[in-house]
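Observations on the model geometry
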Amino acid sequence: MTAPALLPPSGRRIPAPAPGAASFPHHRATLRLSEKFILLLILGAFITLCFGAFFFLPDGSKHKRFDLGLEDVLIPHVDGMGRAGPRCDLRSRIRADHERALQEAREKLRKSREELRAEIQTEKNRVAQRLRGREAAAPPLPPVPVPRPGGVDDGDPGDPRVREKRDKIREMMKHAWDSYRQYGWGHNELKPLARKGHSTNIFGECKMGATIVDALDTLFMMGLHDEFRDGQAWIEQNLDFSVNAEVSVFEVNIRFIGGLLAAYYLSGQEVFKAKAVQLAEKLLPAFNTPTGIPWAMVNLKSGVGRNWGWASAGSSILAEFGTLHMEFVHLTYLTGNPAYYQKVMHIRKLLAKMERPNGLYPNYLNPRTGRWGQHHTSVGGLGDSFYEYLLKAWLMSDKTDTEARKTYDDAVEAIERHLIRKSNSGLTFIGEWKNGHLERKMGHLTCFAGGMFALGADGSPGDKAGHYLQLGAEIAHTCHESYDRTVLKLGPEAFKFDSGLEAVAVRQNEKYYILRPEVIETYWYMWRFTHDPKYRQWGWEATQAIDRYCRVSGGFSGVKDVYSSNPTYDDVQQSFFLAETLKYLYLLFSSDDLLPLDSWVFNTEAHPLPVLHLGNATLPGSESRR
Ligand code: DMJ
């Protein structure tokens, strides 16, 4: 650092050297150093200026600077004649942008709040219209032969005593629908006591008319055609998926896509198919994960996905990503777009490659790492419909999807070995596997498995059809006991088989009944396969209990304690009450010609989809099968 000492004091002129002076070389060196210093100063100032410009330019201008990279490639540089090229244009554009932004800001500040609000609304409408236009402009769906399965008839049971019961169930459906129509129309669900709309986070807190979509096919089957048309009109005019709502991929799939597809197949009305496809498109971004295992939730507008905060180690849930197959195969079948089929087949392949503890599928799978989360296996909540959809994928393919059948059989074998036990008094129950130990507790949700075992009996390996039908009957019996051992004759959310307790809830927060269908679903399947009158008798007991304890003047409500003779209401009429509970009851008191099981397969929300006779056909995209 000697250079500064050689420099003259600032502001002083350097005297001209005397001719021939010996100091000349030193003088020259001094001059060179001072020039360097000045040059350094100028350079320093220039760099500071550049930094300042970079950091203090307004945002829009900064982005334009980053755009340079692309523009450099896309637009030719300053030409050989040295004329100003895109960089100059860019500078003037930045300046113009800047000025325009300032001008707009000044104008905005002058406007009143009302004027601003109106402006925002106009802009929103414009965007909505543009999106609608885009949807309308979408190419029409290719025509495909729509299956015409039999069994969309009346299902009159013949016997007047049975018909009377069926009429009662139809009347309950009308009460549930009319109440929703009056107090909750367009909302997802109904608060029958508060007499207003209700929603939960599974629907993104948005008004998407979940009850309308979920109820359509039940209305149709029951011959409630005015109500059906009313629902259809609402869907045509109001059901819009271009909303900023974060929804559950699973719930929206089983209730909306399943509901719309079933309404389409039953009524032949194109609008339902079109809406199902529009919605499915919005769900596809949920599959953009490192593994292809979808997120639990997706924002319908932005396509951003994420998982439930409560799920083990950021995992996706088995019963959620494993309950898409039926609807997605139908979507590919109807549209010719292989994407849906490929997404669900990819999930299946990935699961097939994974090692399973004791042959069991844990409920949690991390979509980033492809590793299992907590080793918790359940045939109830978090696991249930994954097993159901393996069996139904086989049935829906007209029994050609043998890979699905084999996966189901293997899973059921492991479930029987590790989860199914008999209580001290001989009740068969399905417990839950938690980190190497069996919890002797069964959920109301698990009761659907009785019906599943019966449905899967035919076609089970090693001539075990009788065994599985028997297992279905035992589960139905246990679940009936869980109803029969309460004061209200309605089943609790979960019940134990421990410390001398059998089929009863222990904790206060497991004593509620929220109009769930699973026990009645199993009664119906058992009735179809055995025609044992006890299933109709049990179904009738449940009908009467629901009508007596859950009916209020504004609809139907869940109850908080089935062991209390004076229960309080939860004030929610769930959409699945109309989609499933009342539908299964109605089917239980109809003849078997109504939606016969060799032509129709019910999705997990009880929406019937026709069997696809794919024996001689290939689904677009099925060539990706490995
Ligand atoms: C329904 O939404 C479906 O049946 C789902 O598979 C789980 N359970 C609810 C009703 O209980």
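What you see is a predicted model; the values in this text were computed from it and never measured.

1. Focus: the overall build of the protein
Scanning the protein from N- to C-terminus turns up 20 helices and 18 strands. A fraction of 67% describes how many contacts in the protein between residues 6 or more apart in sequence connect residues 24 or more apart. Of the roughly 29,400 Å² of accessible surface on the protein, a fraction of 55% belongs to carbon and sulfur atoms.

2. Here's the deal with the state of the cysteines
Overall, the coordinates contain 1 disulfide when judged by the stated rule. Two residues share a disulfide in this structure: cysteine 447 and cysteine 479, whose sulfurs sit 2.1 Å from each other. Of note, the bridge from cysteine 447 to cysteine 479 carries an S-S torsion of about -95° and is left-handed in sense. With cysteine 447 in the loop between strand S13 (441-443) and helix H16 (448-457) and cysteine 479 in helix H17 (residues 465-484), this residue pair connects regions lying 32 residues apart in the sequence.

3. Quick word on the sheet that holds strand S3 (residues 246-248)
Across the sheet, which stays open at both edges, the 3 strands sit in the order S3-S4-S5 with antiparallel pairing between neighbours. Both edges of this open sheet fall to S3 and strand S5 (305-306), since each of them pairs with a single strand only. Along the sheet face, helix H9 (residues 249-267) touches S3 and strand S4 (297-299) and points at about 65° away from the line of S3.

4. What about the pattern of salt bridges?
Throughout the structure, instances matching the rule amount to 34 salt bridges. For lysine 168, the salt bridge identified is with aspartate 547, shortest N-O distance 3.0 Å. Taken together, the residues lysine 168 in helix H6 (residues 160-183) and aspartate 547 in helix H19 (residues 533-549) connect sequence positions 379 residues apart. In this structure lysine 168 comes out as partly exposed when scored by relative accessible area, which is 26%. A salt bridge links glutamate 189 to arginine 255; its shortest N-O distance comes to 3.7 Å.

5. Details of the site of the ligand
As a matter of local geometry, the ligand sits amid Ile254, Arg255, Leu445, Arg516, Pro517, Glu518, Phe576, Glu580, Thr604 and Glu605. Within the side chain of glutamate 518, an N or O atom sits 2.7 Å from an oxygen atom of the ligand. Glutamate 605 is positioned such that a nitrogen or oxygen atom in its side chain is 2.6 Å from an oxygen atom of the ligand. Burial of the ligand by the protein chains amounts to 92% of its free accessible area of 290 Å². Counting only elements with at least two residues in the shell around the ligand, the list comes to H9 and helix H20 (575-588). A per-class count over the shell around the ligand returns 4 nonpolar, 1 polar and 5 charged.

6. What to know about the environment of tyrosine 180
In this structure, tyrosine 180 sits in helix H6. Once you skip the residues sitting within four places of it in the chain, tyrosine 180 turns out to touch Trp185, Gly186, His187, Asn188, Glu189, Leu190, Gly209, Thr211, Ile212 and Gln573.

7. So, the UniProt feature "binding site: Ca(2+)" (unreviewed entry) in the protein
When the UniProt feature table is mapped onto this chain numbering, "binding site: Ca(2+)" (unreviewed entry) sits at Thr604. When you line up the elements, threonine 604 lands in the loop between strand S17 (600-602) and strand S18 (608-610).

8. What about the packing of helix H15 (residues 402-418) against H16?
At their nearest, the axes of H15 and H16 sit 12 Å apart, and the two run at 130° to each other. With respect to H16, the axis of H15 lies oblique. Crossing of H15 over H16 shows left-handed handedness. On the side of H15, the interface is formed by Arg405, Tyr408 and Val412, while H16 contributes Met452, Phe453 and Gly456. When its residues are assigned to classes, the contact of H15 with H16 shows 4 nonpolar, 1 polar and 1 charged.

9. Observations regarding the environment of serine 557
Positionally, serine 557 belongs in the loop between strand S16 (555-556) and H20. For serine 557 and aspartate 570, which are 13 residues apart along the polypeptide, the C-alpha to C-alpha distance reads 6.4 Å. Ignoring anything within four residues of it in the chain, the contact list for serine 557 reads Pro192, Leu193, Leu515, Cys550, Tyr569, Asp570, Asp571 and Val572. Only 3.1 Å separates the side chain of serine 557 from the backbone nitrogen of aspartate 571, close enough to count as a polar contact.

10. Some thoughts on the layout of surface pockets
In this structure, the largest pocket spans a volume of roughly 1,200 Å³. Lining the largest pocket are 49 residues, and of these Gly381, Leu382, Leu445, Glu493 and Arg516 sit closest to its centre.

11. Re the confidence of the model for the protein
Overall, the predicted model of the protein reaches an average pLDDT of 84, with 74% of residues at or above 70. Contacts for the low-pLDDT stretch residues 1-31, under 50 throughout, to residues beyond four places or in other chains number 14 contacts. Throughout residues 50-88 the model reports pLDDT below 50, and contacts reaching past four residues in sequence, or to other chains, amount to 26 contacts.

12. What to know about the side chain of histidine 198
Tracing the backbone through its elements, the reader meets histidine 198 in strand S2 (residues 196-198). Residues within four places of histidine 198 in sequence aside, it is in contact with His187, Asn188, Glu189, Leu190, Lys191 and Val572.

13. Looking at the nonpolar core
In this structure, Phe256, Phe453, Leu490 and Ile546 are the most contacted members of the largest nonpolar core, which totals 164 residues. Looking at this core, the element that brings in the most residues is H9, giving 12 residues.

14. A closer look at the sheet that holds strand S11 (residues 432-434)
Strand pairing within a sheet occurs via backbone hydrogen bonds; the two strands may be parallel or antiparallel. Ordered in space as S8-S11-S12, the 3 strands form an open sheet in which the pairing is antiparallel. The sheet is open, and its two borders are formed by strand S8 (376-377) and strand S12 (437-439), each paired with just one other strand. As judged from the 3 bridges shared by S11 and S12, these two strands associate in the antiparallel manner. Bridging from a neighbouring strand, tryptophan 433 pairs with leucine 438 of S12.

15. A word on H16
For H16, the tally of buried residues reaches 10 of 10 residues, placing the bulk of the element in the interior. Among the residues making up H16, those that are buried are Phe448, Ala449, Gly450, Gly451, Met452, Phe453, Ala454, Leu455, Gly456 and Ala457. Residues of H16 that are buried make contact with helix H14 (384-396), H15, strand S9 (420-422), strand S10 (428-430), H17 and helix H18 (518-530). Phi turns positive, to about 105°, at glycine 459, one or two residues after H16.

16. Focus on unusual backbone geometry
Even without glycine at this site, alanine 313 takes up a positive phi of about 50°. Here alanine 313 falls in the exposed class, since its relative accessible area comes to 59%. Despite not being glycine, aspartate 398 shows a phi value in the positive range, around 60°. Summarising the element assignment, aspartate 398 is placed in the loop between H14 and H15. Owing to a relative accessible area of 35%, aspartate 398 belongs among the partly exposed residues under this scheme.

17. Focus on the UniProt feature "active site" (unreviewed entry) in the protein
Look at the UniProt record and you will see "active site" (unreviewed entry) annotated at Glu251, Asp384, Glu493 and Glu518. Within this annotated set, the largest pocket is lined by Glu251, Asp384, Glu493 and Glu518. Locating glutamate 251 in the fold gives a position in helix H9. Note on glutamate 251: relative accessible area 13%, which makes it buried. For aspartate 384, the location among the structural elements is in helix H14. For aspartate 384, a relative accessible area of 12% translates into the label buried.

Rules behind the numbers
- Residues numbered from 1 in each chain as written.
- Predicted model: local features only at pLDDT ≥ 70, side-chain atom pairs only at ≥ 80, totals over all residues.
- Heavy atoms only, no water.
- Helix = DSSP H or I, 4+ residues; strand = E, 2+ residues; numbered from the N terminus.
- Contact = heavy atoms within 4.5 Å.
- Areas by Shrake-Rupley, 256 points an atom, 1.4 Å probe, with all protein chains shown as cover.
- Disulfide = S-S within 2.5 Å.
- Pairing = 2+ DSSP bridges.
- Axes fitted to C-alpha atoms, helices over the stretch in contact; angles between N-to-C directions.
- Salt bridge = Lys/Arg side-chain N within 4 Å of Asp/Glu carboxyl O.
- Buried < 20%, exposed > 50% of the residue type's maximum accessible area, 1.4 Å probe, protein only.
- Near = heavy atom within 4 Å.
- Polar contact = N/O pair within 3.5 Å; in protein donor to acceptor, adjacent residues only side chain to side chain.
- Nonpolar A, V, L, I, M, F, W, Y, C, P; charged D, E, K, R; others polar.
- UniProt positions renumbered as here; feature names shortened; annotations may be inferred.
- Parallel < 35°, antiparallel > 145°, perpendicular 65-115°, else oblique.
- Left-handed = near helix turned anticlockwise from the far one by under 90°.
- 1 Å grid on protein atoms, 1.4 Å probe; cavity = no way out; pocket = protein on both sides within 12 Å on 5 of 7 lines; lining within 4 Å.
- Points joined across faces, edges and corners; volume = space filled by probe spheres on them.
- pLDDT = per-residue confidence, 0-100.
- Core = buried A, V, L, I, M, F, W, Y, C linked by side-chain atoms within 4.5 Å.

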